[in-house]
Amino acid sequence: MTITITAFERSPDGGRGLARDTRVRWALEEVGQPYEVRPVSFQAKKQPAHLALHPFGLIPTYEEGDLALFETGSIVLHIAERHAGLFPSDADARARAITWMFAALSTVEPPILDLSMAKVVESDRPWSRERLPLVQDRVRERLGQLSVRLGDADWLDGAFSAGDLMMVSVLLRTRPSGILDEFPNLAAYVARGEARPAYQRAFAAQLAQNTGTPPA
Ligand code: GTB
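The rules behind each value
- Residues numbered from 1 in each chain as written.
- Predicted model: local features only at pLDDT ≥ 70, side-chain atom pairs only at ≥ 80, totals over all residues.
- Heavy atoms only, no water.
- Helix = DSSP H or I, 4+ residues; strand = E, 2+ residues; numbered from the N terminus.
- Rg over C-alpha atoms; globule rule 2.2 N^0.38 Å.
- Buried < 20%, exposed > 50% of the residue type's maximum accessible area, 1.4 Å probe, protein only.
- Contact = heavy atoms within 4.5 Å.
- Areas by Shrake-Rupley, 256 points an atom, 1.4 Å probe, with all protein chains shown as cover.
- Phe/Tyr/Trp six-rings, centres within 6.5 Å; stacked < 30°, edge-to-face > 60°.
- Lys NZ or Arg CZ within 6 Å of the ring centre and 35° of its normal.
- Pairing = 2+ DSSP bridges.
- Patch = residues over 30% accessible without salt bridge, like charges linked within 9 Å, V, L, I, M, F, W, Y side chains within 5 Å.
- Salt bridge = Lys/Arg side-chain N within 4 Å of Asp/Glu carboxyl O.

### Notes on the overall build of the protein
Inference 1: If you tally the helices and strands in the protein, you get eight helices and four strands.
Inference 2: Scanning the protein from its N terminus toward the C terminus, one meets helices and strands in the order β-α-β-α-β-β-α-α-α-α-α-α.
Inference 3: Scaling as 2.2 N^0.38, a compact globule of 216 residues should have a C-alpha radius of gyration of about 17 Å, and the protein matches this with 17 Å.
Inference 4: Overall, the protein is about 50 × 45 × 35 Å in size when its C-alpha atoms are taken along their principal axes.
Inference 5: Residue burial in the protein is summarised as follows: out of 216 residues, 47% are buried.
Inference 6: Nonlocal contacts in the protein, meaning residues at least 24 apart in sequence, comprise 66% of its contacts between residues at least 6 apart.
Inference 7: Total accessible area computed for the protein in this model is approximately 11,000 Å², and 55% of it derives from carbon and sulfur atoms.

Here it is, written out as structure tokens:
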């Protein structure tokens, strides 16, 4: 059955891979599932056809036959459950991988998103300069805790899993701020994720779409 995802027609990041379709592409590449991409413009995202797929008018979405999903956590979980390659076979190890997915999305990502908002959307507010260090410190606190847990391991819980895919995807967004590099083991962890052939293919595909050039 054909898998179709939606992505920005042109991502505001110009193809740096920070929009959330990249994590879904990466998951599909890890499990070797081909997929099609339906680019969605900013106007189309708010139209009834897209809202029927995504009630909040965001990307990405995922369609496979009669199944339509939104939320990258749910989409990656679905992909990992249906195909080998992203979850360990041991039930407890799989539960821990899911825990790391949730940790990435609900504990690590929120302060990172807050920092993006503080820099992009709120930078012209009179209180912005005073608030920014507080927001940066909240990101530092989370990354510091994660750094301690990761230690010198390659991945968060044994072999690479959907938990790492989600955590690396979330951490990538801290690189432009310079905060990621304050934690050398996390910077190396993210680099290990990016070095995976599946990530490389996913990145190249979204870059090609956002720059209008075919992947090499
Ligand atoms: N919780 C949802 C999920 O995980 O699927 C969040 C989905 C979401 O926020 N999607 C964003 C969106 O559709 C795109 S990824 N935004 C359009 C809108 O708000 O109208 C967020 C994103 C956008 C741009 C960059 N960038 O340019 O660096 C990075 C991340």
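### Examining the packing of aromatic side chains
Inference 1: Here the structure, examined in full by the defined rule, presents seven aromatic pairs.
Inference 2: Taken together, the aromatic side chains of Trp-26, Trp-155, Phe-160, Tyr-189, Tyr-199 and Phe-203 make up a single cluster linked through ring pairs.
Inference 3: Between Arg-192 and the ring centre of Trp-155, over which it is positioned, the NZ or CZ distance is 5.8 Å.
Inference 4: It is Arg-196 that lies over the ring of Phe-160; its NZ or CZ is 3.6 Å from the centre.

### Examining the pairing of strand 3 (residues 61-64)
Inference 1: Bridge count between strand 1 (residues 3-8) and strand 3: three bridges; the pairing is antiparallel. Looking at strand 3, one finds that Ile-3 is bridged to Glu-64.
Inference 2: The pairing of strand 3 with strand 4 (residues 67-70) spans four bridges and is classified as antiparallel. From the neighbouring strand, Tyr-62 faces strand 4, where its bridge partner is Leu-69.
Inference 3: Linking strand 3 back to strand 4 in an antiparallel pair, the connection comprises two residues, with Gly-65 at a positive phi of about 60°.

### Concerning a nonpolar patch on the surface
Inference 1: Together, Met-117, Val-120 and Val-121 make up a nonpolar patch on the protein surface, roughly 300 Å² of accessible area in all.
Inference 2: As for its placement among the helices and strands, Met-117 is situated in helix 4 (residues 91-120).

### Here's the deal with unusual backbone geometry
Glycine aside, residues mostly have negative phi angles, and peptide bonds mostly take the trans form.
Inference 1: Cis geometry marks the peptide bond from Ile-59 to Pro-60; its omega dihedral reads 0°.
Inference 2: In this fold, Pro-60 is placed in the loop between helix 2 (48-51) and strand 3.
Inference 3: The phi dihedral of Glu-71 falls on the positive side, at around 80°, and the residue is not glycine.
Inference 4: Its place among the elements puts Glu-71 in the loop between strand 4 and helix 3 (72-82).
Inference 5: Given the relative accessible area of 44%, Glu-71 is considered partly exposed.

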